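Notes for the structure review
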Amino acid sequence: MQSFLSKATATDWFGPLAVVIVATVVIGAIEPTFLSPFNIEVLLSAIAVNLLIALAQMIIIAIGQMNLSVGAIGGLVAIAFAGMMEVWGLPAPLALVLALALGLAGGLINGFIVAKTGISAFIITLASLSFFKGMNLGITEAQPFYGIPDAVKAFGNTNMFGPIPWLVLPAVIAGLSIWYLLARLRIGRQILAVGGNAHAAELSGISIFQTTVWAHGLSGLLAALGGVMVVARLQIGQPSIGDDWLILSFAAPVIGGAVLAGGHVSVAGTALGVVVVAIITQSLVLFHIDPFVVQVVLGALILWAVGINRWREVRVERRLRRVG
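Below: a short report on this structure. Everything numeric here is computed off the predicted structure, so don't read it as measured data. (Residues numbered from 1 in each chain as written. Predicted model: local features only at pLDDT ≥ 70, side-chain atom pairs only at ≥ 80, totals over all residues. Heavy atoms only, no water.)

Residues of helix H9 (residues 186-196) that are buried include every one of Gly-188, Gln-190, Ile-191, Val-194 and Gly-195, and no others. For H9, the angular spread of the buried residues around the axis is 160°, confining them to a single face. Exposed residues pointing more than 90 degrees away from the buried face of H9 are listed as Arg-186, Arg-189 and Gly-196. Tucked inside the fold, the buried residues of H9 contact helix H3 (37-61), helix H8 (168-184), helix H10 (198-203) and helix H11 (208-234). (Buried < 20%, exposed > 50% of the residue type's maximum accessible area, 1.4 Å probe, protein only. Helix = DSSP H or I, 4+ residues; strand = E, 2+ residues; numbered from the N terminus. Arc of directions from axis to C-beta. Contact = heavy atoms within 4.5 Å.)

Here helix H6 (residues 121-140) contains 20 residues, and its C-alpha end-to-end distance of 28 Å stays within 8% of the 28 Å for a straight helix at 1.5 Å per residue. Residues Ala-121, Ile-124, Thr-125, Ser-128, Phe-132, Lys-133, Asn-136 and Thr-140 constitute the buried set of H6. Looking straight down H6, one finds that the buried residues subtend no more than 160° of arc, so they occupy a single side. Within H6, the exposed residues directed more than 90 degrees away from the buried face are Ser-130, Phe-131 and Gly-138. Where H6 starts, the residue carrying a side-chain oxygen 3.1 Å from the main-chain nitrogen of Phe-122 turns out to be Ser-120. Of the residues flanking the end of H6, it is Glu-141, one or two places downstream, whose phi is positive at about 50°. (Expected span 1.5 Å × (residues − 1). Polar contact = N/O pair within 3.5 Å; in protein donor to acceptor, adjacent residues only side chain to side chain.)

For the rest of this paragraph, the subject is a positive patch on the surface. A grouping of Arg-315, Arg-318, Arg-319, Arg-321 and Arg-322 is seen on the molecular surface, where their side chains present a positively charged patch. Here Arg-319 lies in helix H14 (residues 293-323). Accessibility expressed as a relative area gives 42% for Arg-319, which makes it partly exposed. (Patch = residues over 30% accessible without salt bridge, like charges linked within 9 Å, V, L, I, M, F, W, Y side chains within 5 Å. Areas by Shrake-Rupley, 256 points an atom, 1.4 Å probe, with all protein chains shown as cover. Salt bridge = Lys/Arg side-chain N within 4 Å of Asp/Glu carboxyl O. Lys, Arg positive; Asp, Glu negative; His and termini not counted. Charge placed at Lys NZ, Arg CZ, Asp CG, Glu CD.)

Taken together, the side chains of Ile-21, Val-22, Val-25, Val-26, Ile-30, Phe-287, Ile-289, Val-293 and Val-296 make up a nonpolar region of the molecular surface, amounting to roughly 770 Å² of accessible area. In terms of residue count, helix H2 (residues 14-30) provides more of the nonpolar patch than any other element does, five residues in total. Considering the arrangement of structural elements, one finds Val-25 in helix H2.

By volume, the largest pocket is sized at about 760 Å³. Looking at the largest pocket, it is lined by 28 residues, and the ones nearest its centre are Asn-50, Arg-233, Asp-244, Leu-248 and Thr-281. Within the residue set of the lining of the largest pocket, elements represented by two or more residues are H3, H11, helix H12 (246-255), helix H13 (267-286) and H14. Of the residues belonging to the lining of the largest pocket, the class tally is 19 nonpolar, seven polar and two charged. (1 Å grid on protein atoms, 1.4 Å probe; cavity = no way out; pocket = protein on both sides within 12 Å on 5 of 7 lines; lining within 4 Å. Points joined across faces, edges and corners; volume = space filled by probe spheres on them. Nonpolar A, V, L, I, M, F, W, Y, C, P; charged D, E, K, R; others polar.)

Turning to the nonpolar core, a few remarks are in order. Core analysis: the largest hydrophobic core is formed by 82 residues, its most contacted members being Phe-81, Ile-178 and Leu-182. Considering every element that reaches this core, the biggest residue donor is H3, with 14 residues. In this structure, Ile-178 is in contact with Leu-55, Met-58, Ile-59, Leu-222 and Val-267, ignoring residues within four places of it in sequence. (Core = buried A, V, L, I, M, F, W, Y, C linked by side-chain atoms within 4.5 Å.)

So, about the packing of aromatic side chains. Think of a pair of aromatic rings as described by two things: how far the centres are apart, and how the planes are tilted against each other in angle. The tally for this structure, following the rule as stated, stands at three aromatic pairs. Each ring, one from Trp-13 and one from Phe-14, has its centre 6.4 Å from the other, and the planes form 55°; the classification is tilted. The exposure class assigned to Phe-14 is partly exposed, which follows from its relative accessible area of 30%. (Phe/Tyr/Trp six-rings, centres within 6.5 Å; stacked < 30°, edge-to-face > 60°.)

Next up on the list: the environment of Pro-149. With respect to the helices and strands, the residue Pro-149 is situated in the loop between H6 and helix H7 (150-157). A C-alpha to C-alpha distance of 24 Å links Pro-149 and Gly-162, two positions 13 residues apart in sequence.

Laid out in structure tokens, this is it:
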């Protein structure tokens, strides 16, 4: 038992899990409506969408880069998905496939330019953020698309059973798929190897170009799925979708133990990081605290998580020096 606890405390997910349990017990005791079926449904809907946003950033952090255009890709895909159904009258499944293809293409373009030019992903995705957002506003003229089919609305606002919404299903599938990719598939190991040490990975025969392009493609696909789910949840193709994704996309992976330099990420930790952020956000609403405080709290959480990661790295470095 002691050995299990010792191993558990060393994992990335233990800290966020402890925070989730303590926060749930304390907040539930102070405000019983926190654990009501309706509030749980609201929490799970937010967690489902936010998990996809966080995974879209996590896969880029894994290669030691960052993607500032996650929200812009998700927003462009959201209005494209809604627009194709309203303006062109496409059936929802076909619009979904085309919308996901658009997100994948956006990510692949980001990856291709980053890998081909060697320019920092920060600069490239900052530019593409502006490009995709400009396309969004150009297409919509800042006006929402309202013609969302009833089936899409129902998917985003009904439950599988009890308080568990349908939105949880694609989020769980995406989370398990990314975990399997990183833990079992060759491309996943290559992504982590490139993030850990790009030079060593290249010497071992890994293509930095292909790995970077695939990572950004996956990021675009996950952001696209997040955009589609927001349309289903809101029942509207709003041009502002994705505008507030950036801080969240970094906060959850970092809280979940991701190393910003690359090479180490945790799907379970990121998922729990999303839950922590959702609980904080929902608690502020329940306690009638100004919602703008959420940004302050998220900023503080990122600093805290980065500080913890740096402390761990320093401990490992000191231990290695003593062994050497």
